[in-house]
Each structure stands twice: as structure tokens, then as C-alpha cells.
Amino acid sequence: MTASLQPLLHDALAVLRAPTQAWSSPDGDMGRAPVHGIYSADVRLVRGLRLTVDGHAPEHLATGGDRSDRVRIDALVRTLDDPTPDPGVRLVLDRAVDADGVADTVTLRNRRHVEVRARIEIELEPDASPVDHVKLGAATASGPQPALDGDVAEWGGDQVTARLSADGLDVHVDARGIRLTADVVVPAAGEATVGWRLDTVDDAAVVRGVGTPAPWSTPAVTAADDRLARWIAQGLADLDALRMTTVRQPGAEFIAAGAPWFFTLFGRDSIWTARMLLPLGTKLAGDTLRVLAGLQGARVDDVTAEEPGKIMHELRRAALALDGDEGELPPLYYGTVDATALWIALLHDAWRWGLPDDEVRALLPNLQAALAWMRDHGDADGDGLLEYVDRSGRGLANQGWKDSGDSVQWRDGSLAEGPIALCEVQAYAYEAAVRGADVLDAFGVEGGVEWRAWAARLRERFHAGFWIDDPAGAYPAIALDADKRPVDTVTSNIGHLLGTGLLDADQVDLVVRRLTDPTLDSGYGLRTMSTDSDGYWPLSYHGGTVWAHDTAIAVLGLAREGRGADAAGLVEGLLRAAAGFGYRMPELHSGDPASEVAVPVPYPAACRPQAWSAAASVAVLTAVLGLEPDGDEVRTSPIGSFGAVAIDGVRVAGREVRVG
């Protein structure tokens, strides 16, 4: 029997505005690929859609648009045409997605000097499959039977209701699903339009979409190389479409992790995204901090991995099935070892970029609780380092950003056994303790001396335990295993150590040497694992692929360490990749080297758009210009080799400035 397969995404068209998304072929039809459909609130409500004109599928010409929530699809209808070479009858499909539903407008345009008559038919196949079932390749075999209430078809499942209405189309319901039909007359040199709309209501929502303007500035970037500006424009459009709020805090926005599987709050992803966007304003950061503070752990619960002071990992409307037989995650899950330290770092950085003092002051109790979590719970065995272990047996085995089951492995390909102490988590914790102390001092709260001393002990412990000697030069292990042995694979994790203060100057040199070596640098960004590891594979999720945000974090670290020249090659690789993907950078892509492939090879199941891949564009801009807040001013230290870059729209201390 063939095992269930996760749907591939790389060649599908996605139109979205959280929590609604429509996945289709480029011609707008749905059903030819397992991911296709209309989704809302973690439920797929339509699995198939087919449009015909007089029984024939229109011939696809082009698909495009400059917004994430709207697309125009052009096609020919030559069955209605005259015999001349120039196409005379065309079809335009406008698909618009908002937080509450999806609408298609179909227009037939006729250049001929006679009227054209045609029968338009649209077939829709209803569904009610949970999104995690679709992801696992285990969607239900058949959808629900819709009911017809006047001219409206209604169905639903899992407490989500769908209502489909039409404009200029008759609505029919039968055992096959829903049929929309219209006999249209297109005037000579004129056009005729029909349309339909699907509205959704989620009675069990924990997150919702927003309709307010984006809470960041829209930067105008001027540079000889226009790839960065184009990536930023697409990235911000996608981030706008990924904005959400929680039901319990409807006034505070965050960025959902990505489409199609992660239209919800993720601690780590939402924090990194807000942190990367800080040069464009602090409102998103302030909202994200408050949303996560409102869910901060208060008790010990092994099932949910909750602990006092801990920042959550993932919020869902229901339990989430994991791949294979690995278990399931509860609706509110705290299984992340790094989100707490990253929350502290975001608070500090947002404060420096101008988050108002009263907002920071209100979060000081949460800051103190987060710091205490690192000491009292994050360091489970009292050795001065942060580790993780899944005590439930049903949660995530790995709880850093590389959270797949095989992400921490020895160079021979065997898996490391936990509890695991990841190298980058120690860097996050060190930076969090030092920067958290700075915030406490600034607001007259005791504890700064204690946390700097704690950070110094962690730094000493890291230097003593994580370094591996090698003929090519020492390097940091990806992690320490349960026996405190340094796990010897060379990975991109080491790039996250830069700029945190954890490394000495000579250690920075050693890390830079590894990051710029072709075994890690693919020419399209950093591989997650070096090619000299037995477990390396260019399409392994965390064992050889390239993640844009991962490389961008290393680029930011290099810039902060004053190593702009070394960052330039990685920046070029990311821009090369962004151009190859039409500037909608996917979650990850293949680690195949640029010397062998002319364009980056997709990782076929990668989410897109994805929050931190989109936000990586702004992180690269920050590094290229060397942006740093300094009171109500912005200091710069540009990467000279990139060329002249100017930007209007940087925000610091609540005002916009021009840089460059």
C-alpha cells in the first residue's frame, strides 16, 4: 500500500489574506494537486474548482498581480472566436481573498463585431478536511453534502461554516457538489461579467485576520541593484497578508508563520519576524510582545510543555497531528527552547528602536519571569546551559528552530540523544541575559548585576564545552548531547552566534571561515548542514537545504561584528535566490550549489509565503546599510562592496528618517 504523501507546493498558485487562502493551478482551477483548495481557519472548505465555457477549459495565458490577496488570470476562449490569427475572445478571472472569504469575478471580453453567446459553468467540490490531515496526505475521501438555502449553498465542518453565493450565476446542488451556471451574451466589442463569493465563519476561532493598515512604514529603496528593493516589496506585501490577531487580544497584531500550514501564532517565528522589521517601526514588535506575554507560562505541565515564565511555541484551534506516528501537539503548546530568550531580545531591541517607555514598563514583570525561566527551567540539569527534552513523549523531539526529528546528528549521520543543548540557544540566552539586564537597569529594577553574572557563567561554560578541534580550524558544535559531548556536524547554527557577544574575536574569525566556505555557502545562501557530513542531502529539510531567514541572521551577525565584506557574498547569494523565486522567497530551498544549477531548486513542500523568509529581505537591508538605533537617530555602517543604497521610511523613536 502506498504511504500518504505530503502535498507539494512549489508550482501552485497561492492567493491569501489570513486566515483565508486559495491554492490552485496557475490557471485558477483546483483539484489537480493535493494541496489545491480554499482554506479558512485550519479547515479546507473547497477541494475542487473547474471553470468551462461551452464545455471547454479556457486556454491559460498569464497569471500575475502585485498583491498577495489578489490575482488576475488571463485566458483565451478560441471556441468562441473567428478564424483570424489574432485572439478575439478572452476570459479574465479576478480572484480576491480577504479575511472572511474568497471571491471570483469572471469576465468574457469580445473584440468581434458580432455578439457572442456562451454557457459558463463552474463546478465546486465542497470539503471539510482539517489542514493537518491535508498536510499528512490523509484528507477525507469525500466532502460534505451542501444544502441549498434559496440561492446560497451552505456546508461546513469542524465548527467552520461556508456559504457560497453567486452574481449572475444560477446555483445548483447535487451529489457531485455545487454547479454555478449562466448563459451569457457578450455584446459586440463589449464584455459580460459573472461572479461568486464564498464567506466563512469560524465558531471555534483562536486567531483571526485583520483589515487595518499594515503597522510599519513602506520603505522606498534606491540602489543600482534593484533586486533588494523588489524582494522587500514582495516580502512586505506577503507579510501584510499574514497579519493576524488572537481572539483574546484582538487589538494586538502578529505575523502568522506561513501558508498553507501555519496560519497561526508561533512564538519563535513571530518574534524573529517582528525583530527583523524593527527598522520600519516598533508597533508590530510591541503587539507581538504583548500577545506572547498574555500567553506566558504560569505552571508546570509536561503534556503542553508549559513552565513558569516560558514563551509558547504554537497556538491552534484544536490538537494538531504530527507527521507519521510521532504524536500530536495540544492546542496551546510550549515546546520551544529558544522563544523565551528571543522574546527578551525583541523587547530590548524594540526599546532601542523607540518602543515607548510605558509599553516597556508594562512588560517588565514578563521580562523578569522570562529571565527566571532560563535559570530555573531552561537549564534543566543545572550545568549553566539551556537544554530541551520532550517529557510528554507526544511532542516535538527537537525544540530549536531546526525542529525535525533528524536535525541534530553526528557527522556520521547518527542522531544525537537528548537532552540537547543547542549552540545558538546558548547565544540567544547570553544575549537575553545581558540585554535584559540593560532594560532592568534603565527602568530602575534590580537584577541587572545578577543576570550579567549568570550570562558570564554561561559564556564560560560554552567556551569550555562547545569547541571542536579540526585540521581546518576549530569550530562550534551544533549541540551537546545527553552526555555533554559536542556533536560534531558543521551547521548553519553557528551563524546565529555572531553579534550576540558570546564569541571572542578569534572565535568570530573561525566561525566566519566556516560560513564562507563552499561546504556551507551554496551560492544561494547557507546550507543548514555542511556537505562534508554523511547526513548531508540538498533536499533534507534541516540537513542540507537553505533557509533564507537562517542566512539573513548570519548576515546580520556578520554586520554587527564588523565583517561586512564577508557578509557580502551571502547577501549576493540570497538576492540571487530571491530573483530565482520571483522575489516570493519560500520557506527553504535546495542546497544544490549555484555552480551546478542556474536557478535555485525548490524544496517542493516549502511554505510560501513564509513570515521570516519574507522578513529576511528587511534584515538584509539592515545589514547592507549597517543600521543601528542611537537615541532618536540612526547610525549606519554600509557594506561598501554592495554599492550605494538609500532608503526613505526608516523609523526610529516614532519618526521617519532618510538613510543613505
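What you are looking at is a predicted structure, and each value in this text was computed from that prediction instead of being measured.

**Q** Please give an account of the overall build of the protein that cites residues and values.
**A** Each helix and strand counted, the protein has 13 helices and 32 strands in total. Relative to the 2.2 N^0.38 estimate, which gives 26 Å for 660 residues, the radius of gyration of the protein is 26 Å and therefore close to what a compact globule would have. When the 660 residues of the protein are sorted by exposure, 60% land in the buried category. When the accessible surface of the protein is totalled, it reaches about 24200 Å², and 49% of it is carbon and sulfur. Put simply, the protein has 60 plus and 97 minus side-chain charges, and the middle of one group is 3 Å from the middle of the other.

**Q** Go over helix α4 (residues 283–293) with me, naming the residues and quoting the values.
**A** Summarising burial for α4: nine of the eleven residues are buried, a large majority. Here α4 has its buried residues at Leu284, Ala285, Gly286, Asp287, Thr288, Leu289, Val291, Leu292 and Ala293. Where α4 is buried, its residues touch β18 (243–246), β19 (253–255), α3 (267–276), α5 (339–353), α6 (357–362) and α7 (364–378).

**Q** Hey, could you go over helix α2 (residues 227–241) for me, with residue numbers and the actual values?
**A** Under the 1.5 Å per step criterion, the end-to-end length of α2 is 21 Å for 15 residues, consistent within 8% with the ideal 21 Å. Taking burial as the measure, the 15 residues of α2 include eleven buried ones, the bulk of the element. Among the residues making up α2, those that are buried are Arg227, Leu228, Trp231, Ile232, Gln234, Gly235, Leu236, Ala237, Asp238, Leu239 and Ala241.

**Q** Pulling in residues and values, what's your account of the packing of α3 against helix α13 (residues 611–625)?
**A** Two elements in contact, α3 and α13, have axes separated by 8 Å at closest approach and are oriented at 20 degrees. On the basis of their axis angle, the class for α3 and α13 is roughly parallel. With respect to the hand of their crossing, α3 and α13 are arranged in left-handed fashion. Contacts between α3 and α13 pair Arg268, Asp269, Trp272, Thr273 and Met276 from the former with Ala611, Trp612, Ala615, Ala616, Val618 and Ala619 from the latter. Class assignment of the residues belonging to the contact of α3 with α13 gives a composition of eight nonpolar, one polar and two charged.

**Q** Before we move on, could you go through the side chain of threonine 545 and cite the residues and values that matter?
**A** Take threonine 545: it is sitting in the loop between α10 (505–515) and α11 (548–560). Given a relative accessible area of 0%, threonine 545 falls into the buried group. In this structure threonine 545 touches Leu526, Arg527, Thr528, Trp537, Pro538, Leu539, Ser540, Leu588, His589, Ser590, Gly591 and Tyr603, once residues within four positions along its chain are discounted.

**Q** Got a sec to walk through the sheet that holds strand β12 (residues 160–167)? Specific residues and values, please.
**A** The strand order across the open sheet formed by eight strands is β5-β6-β7-β8-β15-β12-β11-β10, and the pairing between neighbours is antiparallel. Whereas interior strands pair on both sides, the edge strands pair on one side only; in this sheet they are β5 (59–64) and β10 (147–149). Taking each pair of neighbouring strands and ignoring which way they run, the sheet shows an average axis angle of 20 degrees. One ladder, built from nine bridges, connects strand β8 (residues 101–110) with strand β15 (residues 191–202); its direction is antiparallel. Across the sheet, residue valine 106 finds its bridge partner in β15, namely valine 194.

**Q** An account of the side chain of aspartate 287 is requested, with residue identities and associated values reported.
**A** In this fold, aspartate 287 is placed in helix α4. For aspartate 287, the contacting residues outside a window of four places in its chain are Gly251, Ala252 and Glu253.

**Q** Account for the nonpolar core, with residues named and values stated.
**A** Residues Trp231, Leu239, Leu277, Trp343, Leu367, Met374 and Val408 are the most contacted members of the largest nonpolar core, which totals 174 residues. Not counting residues within four places of it along the chain, the set of residues in contact with leucine 367 comprises Trp343, Ile344, Leu347, Gly436, Val439 and Leu440.

**Q** I'd love a proper account of the environment of alanine 223, names of residues and values included.
**A** On the secondary structure map, alanine 223 appears in strand β17 (residues 220–223). On the accessibility criterion, alanine 223 (25% relative accessible area) is partly exposed. Between the C-alpha atom of alanine 223 and that of alanine 646, which follows or precedes it by 423 residues, the distance is 6.6 Å. What alanine 223 contacts, discounting residues up to four positions off in sequence, is Ala644 and Val645.

**Q** I'd love a proper account of the packing of aromatic side chains, names of residues and values included.
**A** Summed over all chains, the structure comprises nine aromatic pairs. Ring centres 4.5 Å apart and planes at 20 degrees place the aromatic pair phenylalanine 462 and phenylalanine 466 in the stacked group. For phenylalanine 462, a relative accessible area of 0% puts it in the buried group. Among the residues examined, phenylalanine 466 registers a relative accessible area of 0% and is labelled buried. Taken together, the aromatic side chains of Trp401, Tyr541, Trp547, Tyr603 and Trp612 make up a single cluster linked through ring pairs.

**Q** Quick one: what's the story with the sheet that holds strand β24 (residues 421–422), residue by residue and with numbers?
**A** The strand order across the open sheet formed by three strands is β24-β27-β28, and the pairing between neighbours is antiparallel. The strands lining the two open edges of the sheet, one partner per strand, are β24 and β28 (486–487). Note: β24 against strand β27 (residues 479–480), two bridges, orientation antiparallel. Following the sheet pairing, leucine 422 is matched in β27 by alanine 479.

**Q** Provide a residue-level description of the environment of alanine 577, including the pertinent values.
**A** Mapped onto the secondary structure, alanine 577 falls in helix α12 (residues 564–580). With a relative accessible area of 0%, alanine 577 lands in the buried category. Residue contacts for alanine 577: discarding those within four places in its chain leaves Tyr524, Met585, His589 and Pro600.

**Q** Give a description of the pairing of strand β11 (residues 152–157) that names residues and reports values.
**A** Both β10 and β11 contribute to a ladder of three bridges, which runs antiparallel. Bridge pairing in β11 links alanine 147 to glutamate 154. From the end of β10 to the start of β11, which pair antiparallel, there are two residues, and glycine 150 there has a positive phi angle of about 70 degrees. When β11 meets β12, the two strands line up antiparallel, connected through five bridges. For glycine 156, the partnering residue across the bridge sits in β12 and is threonine 161. Between β11 and β12, which pair antiparallel one after the other, the connecting turn spans two residues, and aspartate 158 there sits at a positive phi close to 55 degrees.

**Q** Could you give an account of the pattern of salt bridges, naming the residues involved and the relevant values?
**A** As enumerated under the stated definition, the model contains 60 salt bridges in all. Across the pair arginine 584 and aspartate 238 runs a salt bridge whose closest N-O atoms are separated by 2.7 Å. In this pair, arginine 584 sits in the loop between α12 and α13 while aspartate 238 sits in helix α2, placing the two residues 346 residues apart along the sequence. Of the two residues, arginine 584 and aspartate 238, both sit in the buried class. In this structure, arginine 651 and glutamate 656 form a salt bridge, with 3.4 Å as the shortest nitrogen-oxygen distance. Given a relative accessible area of 27%, arginine 651 falls into the partly exposed group. On the basis of relative accessibility, which here comes to 48%, the residue glutamate 656 falls in the partly exposed class. Within the structure, one salt-bridge network assembled from shared partners comprises Arg17, Arg67, Asp69, Asp240, Arg243 and Glu253.

**Q** Which residues make up the environment of phenylalanine 642, and what values do they have?
**A** Mapping phenylalanine 642 onto the fold places it in the loop between β30 (633–635) and β31 (645–652). Residues phenylalanine 642 and alanine 224, spaced 418 residues apart in sequence, show a C-alpha to C-alpha distance of 9.2 Å. In this structure, phenylalanine 642 is in contact with Leu228, Val571, Leu575 and Val624, ignoring residues within four places of it in sequence.

Reading the values: the criteria
- Residues numbered from 1 in each chain as written.
- Predicted model: local features only at pLDDT ≥ 70, side-chain atom pairs only at ≥ 80, totals over all residues.
- Heavy atoms only, no water.
- Helix = DSSP H or I, 4+ residues; strand = E, 2+ residues; numbered from the N terminus.
- Rg over C-alpha atoms; globule rule 2.2 N^0.38 Å.
- Buried < 20%, exposed > 50% of the residue type's maximum accessible area, 1.4 Å probe, protein only.
- Areas by Shrake-Rupley, 256 points an atom, 1.4 Å probe, with all protein chains shown as cover.
- Lys, Arg positive; Asp, Glu negative; His and termini not counted.
- Charge placed at Lys NZ, Arg CZ, Asp CG, Glu CD.
- Contact = heavy atoms within 4.5 Å.
- Expected span 1.5 Å × (residues − 1).
- Axes fitted to C-alpha atoms, helices over the stretch in contact; angles between N-to-C directions.
- Parallel < 35°, antiparallel > 145°, perpendicular 65-115°, else oblique.
- Left-handed = near helix turned anticlockwise from the far one by under 90°.
- Nonpolar A, V, L, I, M, F, W, Y, C, P; charged D, E, K, R; others polar.
- Pairing = 2+ DSSP bridges.
- Core = buried A, V, L, I, M, F, W, Y, C linked by side-chain atoms within 4.5 Å.
- Phe/Tyr/Trp six-rings, centres within 6.5 Å; stacked < 30°, edge-to-face > 60°.
- Salt bridge = Lys/Arg side-chain N within 4 Å of Asp/Glu carboxyl O.

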